[in-house]
Each structure stands twice: as C-alpha cells, then as structure tokens.
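Coordinate analysis (summary)
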Amino acid sequence: MSGVQPEKLRGRRGKAVCALLLATSILALLRAAQLHAQETELRGEVSESAILSDQQRKARSLVLAQQAAANAAAQDNAPARTYLPASAGAVPDDTDAANSSTSVFDPPQASDDASADTPAPPKPRRTSTARQNAADKAKDKAADKSKKKKSTTAATDPTTTSTTAATATTDDTDSTAADQEAANRRALTIDSVDRQKLDAGAERTAAIEGQNKKPEDDPFAATGVKWGTFVIRPTIEQGLTATTNGDSSSAGTSALLSETALRFTAASDWRENSATIDGYGIFRETVSGYPVHDAQGRIEGQLNVDLDKELRAIAKLGYEAVPESASSPDAIAGVSTQPLRQTIDGSIGVEKAIGKMRYTLTGAVSHDFYGDAKLSDGTSLSQKDQDNTLYTATLRTGYEISPALTPFTEIEVGRRAYDQRIDNEGFERSSTRLGARAGLQLDMGEKLSGEFSAGWLREAIDDKSLEAISGATVNADLKWSPQRGTTIGLTGKTTVETTTTSGESGDILYSGRLTAERLIRANLTANAALGLDWRDYVGIDGHDRILSAEAGLTWWLNRYAGLTTRVRTEKLTSNLPGRDYTANSIYLGVKVQR
C-alpha cells in the first residue's frame, strides 16, 4: 500500500499540470488580437498614410543601422589596451606595443604564398551608394548646424564653461534632430507634380472669347433686320443711267435717266414650316433728253407647310405692275404713256412621296387687267378688252433614281377666259390650253441644282377663224458652281402672249439667260449676262430676235454701302417693219443694304 500511493500522487500532479497548460492555451487563443496581416495593413485597401508610415519606419531603421555601423567601426579602429600584469616583470616589456595597432584577435595577414594554410580574408562589402549619400548628407547638415551653434556660442561668451557645456549639449540635440528630420522626411506623393506652384512669369492662356473665330462665307452680306418672326433684308440703289435709247423702241433717242431701285427679302425663322417674301420696285425719271416716266414692281410670297411625314403643301401669291413695253407687239403707237398691266397670281400645290415615286399636283390662277393708254392729244384709250384670267392644273410624276437625279413628266390643262367675251373687233379670244413636258430634276447640293424640261403646248382659241397657238416648249432653271465663289446660271422660259390685234392669234416667246457671278474679293463682285429672246408670231409670217449682253461690278466700302456700275447693250431685229432698235447704256450708282 505504501508503494502504490506515491505513484498515484505523481499521476494526479501530472494531470493537474496538463489541465493548467490546456486552460492557459485556451485563454491565449480566446484573447482578442489582430492578425499580423491586419497589423501591417496588407489585407484590404492600403491607405496613403500607411504607405508613408511604412516608408518613414524603414528610413529610421536605415539611419539607426548606419549609426550603429559607424559606432562599431569607430570602436574597431580604437587601439586595444595594453595588458598590464599585477606583478612587475611578469611579462617582458614590448617597446612596439604602444605603436602597434594590431590585436591578438585580428585575423592573420594575407600572404602571397599560395601554399599558406590560412587564405587572405575577403574584403568587406561596400556600403550602397544610396545609403552612403543619405548618411553623408545627414552628417554634413548636422556638422553645419553644429558649426553655427558653436560660432554663436563662442561669440557670446567664450570663457564660460557652463555655456560651452550647454552649447555642446545643444549640438548633440541638433545633430539628433537633424538625423530624425532626415529619417522622418515625408515621401513625395504621386500628384505632387500637379500641385506645384505656377510660374508667375508664364504667359497667360487666352480666354475662350479671344480664340480665332471661323471666318464668314460672305462677310459683306446683309445682316438683316429682325421683325417679329421674320428677318428682313432691304436694299436701295440710286444712280444715273446714260442711254442711247430712252424707252427701247424704234423711235427712242438718247437720255440721262435717274434710276432708283428698291428691293427686299424676308424669310421666317420658324422651327418647322417656312415662309419667304420677295419684292422690288424700279422708278425711272428723265433728267435730260428723251422723256421717260415709268415705274414697275412686284411682290411675291411663298408658304411651305409640312402636312405629314411625306406630304407637303406649297402656296404662292403675287402681285405685279409693269407698263406695257414699247417693243411689245401690243404697244400702241402715238401715245404719251403706255397702258399699265397689272397681274395678280396665286397657286397652291401638294407634294407627296411614296417610296421612290414623287407626285405633285398644282393649281394656279393668274389675272391680267390693263389700264388706259394716254394719247398725245390728252385723251385716253381703254384696254379693257385685254383683261383675262388663266386657270391651270398641273400634275407632275417623278421617279427618284438617286437623291441627285429625278426624271419627271408633266401634264397641264387650263382655260383662259376673257372678261369681255367678244373683243372690240368682234373675236372670241377665250381659249383652252393643253400641254405635256418631260424633264430631269437635279440636286447635287451647291455644285449643281435645278431642273430642265421640254415638251409641247397648244392653246386653242374659241373663235374658229383664229389659228391655235401651239409649239414646242423649253423651260430651265439651273445653277452650277464650278468653284467656290463662282456661280453660273441658266434660265429658260416659254410664254404664250395673247393679243387683241385684228386677225392675229398671238405669239410664243422663248427667253433664255446665261448669267455668271464671280466673287473676286470679299468686297468685290463681278457679274455678267447674255440673253437671247425669240418671238414667233402665229397667224402671220413674222418673228423677232433680241440679243442682249451685260456686265457689272459691285465694290463694297463696308457691310452696308457700296458702289455699283454696269454696262448693257440690247438689239432687236425683226422681219416686220418699224420694230428694229438698238439701245446701249451705262449705269453708275450707290447701293445701300441692311
């Protein structure tokens, strides 16, 4: 019994020790502690402050390691103390001990003997350039501050020992502070370059308003006047015309005329639909020479309305007042003033696009009414028998081959009704019109645009004794720009002219104009025109040919005023007696626009 009890006691003590260690381990594990990765902030996002802190810590460690290395080197270089025994004469005196810098613990010297047992020790590794430079800079800075402090202290009280001791203590403190400053120097951030101060002498950046603006296409074009939702561009031209034929007639003579021309255009600035209004007025009065007193003008408006995505309506309305020309077949001889012809016209059309097909239906009305002619004896001659109204309807069908080319065909039907069914000579002048045309519409932008067509037109007069007016028709309106600043235009028109002359039906007038305009400079524009008119009489063997040419220049002094001049020649040749004439003229005037 006595032998077994000690073993049980030892077993109980061992179990108690194991239980104590286990409890201690469990408490250590349950203790709240951050992981090493979290302590070093390597898990999750790393902030800039953590990076700077780590850099400063490494810099301080580097400086401390350098200081420790420097202290160790200084201790190694210090001479070893000479052993002095307690009893004199225990060891022989070594006269070279004082001059010796070696130690018994130093490694053996290198030998040139290759068979030596102890090889030459390797050379110590050089300190890195970066560490050496950092240490040198820190030492230089500390030395400079130490010199300044020492010089200041010496100048104040060179004989005071306490002051000297304090200065030495301050030097040590400054040296330590310099080392700490070098170690705690903040590292440069990534965006430090962007935060540099601007150079005060640098050139200032120009403002947005001062940048180069895009030059205007036409710097001398009229700017216009805002009136409601329209922009109006008025123009007035005043000058003198010297001509060899005052009224362009076979009896006309030379004259000096005062000519005034008023023109204006108005365009809407609506967001969807659009409207335009154009007008002009020309007044001519004789200054000297052949008497001329006439005035003419026209005003026309157009309205475009988009009814649907592929449906569009176009409406036009105009008024014109022009005196009968002295060269007209209906001109009255021996009068002081030719009758005034006034025209009111209007039309409305609907355009519809279905796929590549294009349809246009247009209805038009034109009413002509004439004033009285004033004779030389002061009496007047009525021209009411010439008043008439023309109603027409035109259907155009086109096929869009491409956005630039659209061939089309047109069919026209109409009726001309005279206010006086039977004229003063006893003829019924009312007639029925029928025509057909085929043409091509071009749309190549600014390079080439417009249309031309050719066909046949017939106007049958109700009076069977009068021959129907019929013939080929040619119409054109093209604009071509071979280069920027140059525009060439070609216009052609076929017109049926009626008459109340006894036994005559009327005539067909073909008119053609070739125009050119060239922008020589921004403020200098040149223009030229060639004209050819051919009048074919119906019912008689007669015809007229009119040739004309014109050239002009406009020099703008500024955006609102300029000088203009033009020369013109016109010649009419006819196989009918008393109709030939030639007229040459030159014009010089001032043009003002807004």
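Just so it is clear, the model here is predicted, and its values are computed rather than measured.

This paragraph deals with the overall build of the chain. In terms of helices and strands, the chain carries 5 helices and 22 strands. Expressed as a percentage of its 594 residues, the buried residues of the chain come to 25%. The long-range share in the chain, meaning contacts at least 24 apart out of those at least 6 apart in sequence, stands at 54%. With the model as given, the accessible surface of the chain reaches about 40,100 Å², and the carbon-plus-sulfur share is 57%.

Averaged over the chain, the pLDDT score is 80; the fraction of residues at 70 or greater is 69%. The model gives residues 32-43 a pLDDT under 50, and that stretch makes 8 contacts with residues more than four places away or in other chains. Scored below 50 in pLDDT, residues 94-107 makes 1 contact in the model with residues more than four places away or belonging to other chains.

Right, let's get into the sheet that holds strand β7 (residues 335-337). A sheet is described by the order of its strands in space; here 3 strands give the open sequence β7-β10-β11, paired in antiparallel fashion. A strand with exactly one partner marks an edge of an open sheet, and here the two such strands are β7 and β11 (380-381).

Moving on, we get to empty space enclosed by the protein. Taken as a whole and judged by the stated rule, the model has 3 cavities of 30 Å³ or more. Each pocket or cavity is described by its volume, and for the largest cavity that value is around 60 Å³. Arg416, Tyr418, Arg429, Ser431, Glu459, Ile461, Ile469, Thr498, Thr499 and Ser505 together form the lining of the largest cavity. Only β13 (405-418) and β15 (448-461) provide two or more residues apiece to the lining of the largest cavity. Partitioned by chemical class, the residues of the lining of the largest cavity number 3 nonpolar, 4 polar and 3 charged.

All told, the structure shown has 26 salt bridges when counted by the stated rule. Close ionic contact of Asp507 with Arg535 constitutes a salt bridge, the shortest N to O distance being 3.7 Å. Remark: Arg535 occurs in strand β19 (residues 524-538) and Asp507 occurs in strand β18 (residues 506-521); sequence separation between them is 28 residues. Considered together, Asp507 and Arg535 belong to a single accessibility category, that of buried residues.

Let's shift gears to unusual backbone geometry. Despite not being glycine, Ser248 shows a phi value in the positive range, around 55°. Turning to its location among the elements, Ser248 is positioned in the loop between β2 (230-243) and β3 (255-268). With relative accessibility at 22%, the residue Ser248 sits in the partly exposed group.

A few words now on the nonpolar core. Of all hydrophobic cores here, the largest spans 5 residues; its members are Leu457, Ile469, Val496, Ile508 and Val538. Excluding its chain neighbours within four sequence positions, the residues that come into contact with Val538 are Glu467, Ala468, Ile469, Ser505, Gly506 and Asp507.

Positionally, Asp330 belongs in the loop between β6 (311-323) and β7. Salt bridges are absent for the buried Asp330, whose nearest opposite-charge side chain, Arg341, sits at 8.1 Å. Here the side chain of Asp330 touches Thr499 through a polar contact of 2.6 Å, side chain to side chain. Setting aside residues no more than four positions away along its own chain, Asp330 makes contact with Gln386, Thr498, Thr499, Thr500 and Thr501.

In terms of strand pairing, strand β16 (residues 469-480) meets strand β17 (residues 486-498) through 5 bridges, oriented antiparallel. Bridging across to β17, Trp480 finds its partner in Ile488. Between β16 and the antiparallel strand that follows it, β17, lie 5 residues; Gly485 among them carries a positive phi value of about 95°. Inspection of the sheet shows β17 paired to β18 by 13 bridges, in the antiparallel sense. In the strand pairing of β18, Thr486 is matched with Arg518.

This part is about the environment of Met357. When you line up the elements, Met357 lands in strand β9 (residues 357-370). If we skip the residues at most four places from it in the chain, Met357 touches Lys352, Thr397, Gly398 and Tyr399.

A cluster of nonpolar side chains, namely Ile236, Leu262, Phe283, Trp555, Leu557, Leu563, Val590 and Val592, defines an oily patch on the protein surface of about 670 Å² accessible area. Relative to the elements of secondary structure, Ile236 occurs in strand β2.

What follows covers the side chain of Glu400. Summarising the element assignment, Glu400 is placed in the loop between β12 (388-399) and β13. One polar contact links Glu400 to Arg358, side chain to side chain, over a distance of 3.2 Å. Discounting chain neighbours no more than four positions away, the residues touching Glu400 are Lys356, Arg358, Leu405 and Thr406.

It is worth spelling out the packing of aromatic side chains at this point. By the definition in use, this model includes 1 aromatic pair. Looking at Arg396, its charged tip hangs above the ring of Phe408, at a distance of 3.8 Å from the centre. Between Arg566 and the ring centre of Tyr587, over which it is positioned, the NZ or CZ distance is 4.1 Å.

To continue, consider the pairing of β3. Note: β2 against β3, 14 bridges, orientation antiparallel. Bridging across to β3, Thr241 finds its partner in Leu257. Pairing between β3 and strand β4 (residues 274-289): 13 bridges, direction antiparallel. Within the sheet, the bridge partner assigned to Leu262 lies in β4 and is Gly281. Linking β3 back to β4 in an antiparallel pair, the connection comprises 5 residues.

Turning next to the environment of Arg594. Along the polypeptide, Arg594 turns up in the segment after β22 (581-593). Remark: the alpha-carbon pair of Arg594 and Pro234, spanning 360 residues in sequence, is separated by 5.8 Å. Each residue touching Arg594, except ones within four places of it in the same chain, is listed here: Ala222, Thr223, Gly224, Val225, Ile232, Arg233, Pro234 and Tyr560. At 3.0 Å, the side chain of Arg594 forms a polar contact with the side chain of Thr223.

Conventions we followed
Residues numbered from 1 in each chain as written. Predicted model: local features only at pLDDT ≥ 70, side-chain atom pairs only at ≥ 80, totals over all residues. Heavy atoms only, no water. Helix = DSSP H or I, 4+ residues; strand = E, 2+ residues; numbered from the N terminus. Buried < 20%, exposed > 50% of the residue type's maximum accessible area, 1.4 Å probe, protein only. Contact = heavy atoms within 4.5 Å. Areas by Shrake-Rupley, 256 points an atom, 1.4 Å probe, with all protein chains shown as cover. pLDDT = per-residue confidence, 0-100. Pairing = 2+ DSSP bridges. 1 Å grid on protein atoms, 1.4 Å probe; cavity = no way out; pocket = protein on both sides within 12 Å on 5 of 7 lines; lining within 4 Å. Points joined across faces, edges and corners; volume = space filled by probe spheres on them. Nonpolar A, V, L, I, M, F, W, Y, C, P; charged D, E, K, R; others polar. Salt bridge = Lys/Arg side-chain N within 4 Å of Asp/Glu carboxyl O. Core = buried A, V, L, I, M, F, W, Y, C linked by side-chain atoms within 4.5 Å. Lys, Arg positive; Asp, Glu negative; His and termini not counted. Polar contact = N/O pair within 3.5 Å; in protein donor to acceptor, adjacent residues only side chain to side chain. Patch = residues over 30% accessible without salt bridge, like charges linked within 9 Å, V, L, I, M, F, W, Y side chains within 5 Å. Phe/Tyr/Trp six-rings, centres within 6.5 Å; stacked < 30°, edge-to-face > 60°. Lys NZ or Arg CZ within 6 Å of the ring centre and 35° of its normal.

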